[in-house]
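As a plain string of letters, each chain reads:
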Amino acid sequence: MKKQQVLSDDCLVKDFMAGKTSAIDVLIDRHKSKIFSYILMCVKQQELAEDIFQESFIKVIKSLNRGKYIENGKFSSWVMRIAHNLIIDHYRKNRNQSVISNDKYDFDILNNIKFAEKSVEDKIVYDQVLSEIGALVKLLPDNQREVVEMRHYMGLSFKEVAEETNVSINTALGRMRYALINLRRLMEERNVLVNI
Amino acid sequence: MKKTFTQEFYLLEQEAKRLFNLFDSLPDELFDRSRAQPSTMSLCKVKSFAKAYRSIVLLSHERDVILN
């Protein structure tokens, strides 16, 4: 154990990569303060800093096991770079989860029926409308029905629809246009109301 | 619906970069007596992971070997 304490970082890294798992314990203990101080200075929250610290060393361990460590500088700098990237990831993740402010409104803008879960009645109506539309689609001419089914029921792109039906994309788009016109006409004739 | 950003994220990234350069330039020994320390729990988790992961890596290479 005493011998390990005087070993350089590079020697310990090599030992760990060679299978001596206790070598990483020495490396962690040697650099924990610097790495953790840096993370804490950036994020300023103890728990978050702990998470990023753990995640950083997990990445270090995985990289070392895959032999991805290259001796081109200090070990601590390499670990700090990994921690730095995770901190930046955390900032960017938070940026994407942008905050919606209610401060300038007299009412809660999120307390709206549009954001509420659909009721059982709504779901029944929705299913009924879908089934009625499905019945109308069956009344379309074959080439138009084919395009609607491939696009909306099978989720194919217009390019894929065109390839499957051996026509150009413009023809597929044209058939979809006529299909929608025909569907609207059929809905008016049969008094089918769509309000989804 | 109005989106309000409560933080200037660009500045946070710049600050993290500045701190990185600062910490990187400081000798490691300077932090030996630092008061900021990760919890024992965090250290245990990471060290245990190192041992467990090593076993997983070894097992994945030797998955075809049947051990009795």
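Positions within a chain are numbered from 1, following the residues in the order the chain's sequence is written. The order in which chains are written sets their letters, starting at A; the order in which ligands are written sets their numbers, starting at 1. Given that this is a predicted model, residues contribute local features only at a pLDDT of at least 70 and side-chain atom pairs are listed and counted only at 80 or more, while totals for whole chains, interfaces and linings are drawn from all residues. Only heavy atoms go into the side-chain values, all of them from the structure, while hydrogens and water stay out.

Draft legend 1. Layout of a negative patch on the surface. Only residues whose relative accessible area exceeds 30% and that form no salt bridge enter a patch; like-charged residues are grouped when within 9 Å of one another, and nonpolar side chains (Val, Leu, Ile, Met, Phe, Trp, Tyr) when within 5 Å. Areas reported here follow the Shrake-Rupley algorithm with a probe of radius 1.4 Å; residue values treat only the protein chains shown as occluding. We define a salt bridge as a contact between a side-chain nitrogen of Lys or Arg and a carboxyl oxygen of Asp or Glu at a distance within 4 Å. Under the counting rule used here, the positive set is Lys and Arg, the negative set is Asp and Glu, and His together with the chain ends is not counted. Lysine's charge is taken at NZ, arginine's at CZ, aspartate's at CG and glutamate's at CD. Taken together, the side chains of E47, D51, E55 and D89 of chain A define an acidic patch exposed on the protein surface. For the purposes of this entry, the term helix denotes a DSSP run of H or I that reaches at least four residues, the term strand denotes a run of E that reaches at least two, and both are numbered from the N terminus. One can find D51 of chain A in helix 4 (residues 46–65).

Draft legend 2. Fine view of helix 3 (residues 22–43) of chain A. Residues and elements named next belong to chain A. Residue count minus one, scaled by 1.5 Å, sets the expected span of a helix. In this model helix 3 runs 30 Å from its N-terminal to its C-terminal C-alpha over 22 residues, within 8% of the 32 Å that 1.5 Å per residue would give. The sharpest bend along helix 3 comes to roughly 55 degrees, located at H31. Buried residues are those whose accessible area, probed at 1.4 Å on protein chains only, stays under 20% of the maximum for their type, while exposed residues exceed 50% and partly exposed ones sit between those limits. With 17 of 22 residues buried, helix 3 lies mostly within the body of the structure. Fitting axes to the seven residues that end at a residue and to the seven that start at it, the angle between those axes gives the bend at that residue.

Draft legend 3. Structural detail: the pattern of salt bridges. All names here are of chain A. Considering all chains together, one arrives at 10 salt bridges over all chains under this definition. Salt-bridge contacts for R30 lead to D9; the nearest nitrogen and oxygen are separated by 2.6 Å. Remark: D9 occurs in helix 2 (residues 9–17) and R30 occurs in helix 3; sequence separation between them is 21 residues. Residue D9 is classed as buried on the basis of its relative accessible area of 16%.

Draft legend 4. Inspection of the packing of helix 3 of chain A against helix 1 (residues 9–25) of chain B at higher detail. Axis angles are defined between N-to-C directions and span 0 to 180 degrees, where every axis is a line fitted to C-alpha atoms and, for a helix, only to the segment in contact. Axis separation between helix 3 of chain A and helix 1 of chain B bottoms out at 10 Å; the angle between their running directions is 155 degrees. Classified by the interaxial angle, the pair formed by helix 3 of chain A and helix 1 of chain B is roughly antiparallel. For the pair helix 3 of chain A and helix 1 of chain B, the sense of crossing is right-handed. Only A16, L19, F20, F23 and D24 of chain B of helix 1 of chain B make contact with helix 3 of chain A, whose side of the interface consists of K34, S37, Y38, M41 and C42 of chain A. Under the convention adopted here, Pro, Cys and the residues Ala, Val, Leu, Ile, Met, Phe, Trp and Tyr are nonpolar, Asp, Glu, Lys and Arg are charged, and Gly plus all remaining residues are polar. For the contact of helix 3 of chain A with helix 1 of chain B, a count of residues per class yields seven nonpolar, one polar and two charged. The scheme is simple: roughly parallel for angles under 35 degrees, roughly antiparallel for over 145, roughly perpendicular for 65 to 115, oblique for anything else. Whether a crossing is left-handed or right-handed is set by the direction in which the near helix is turned from the far one by less than a right angle, anticlockwise for left-handed and clockwise for right-handed. Contacts: residue pairs with any heavy atoms within 4.5 Å of one another.

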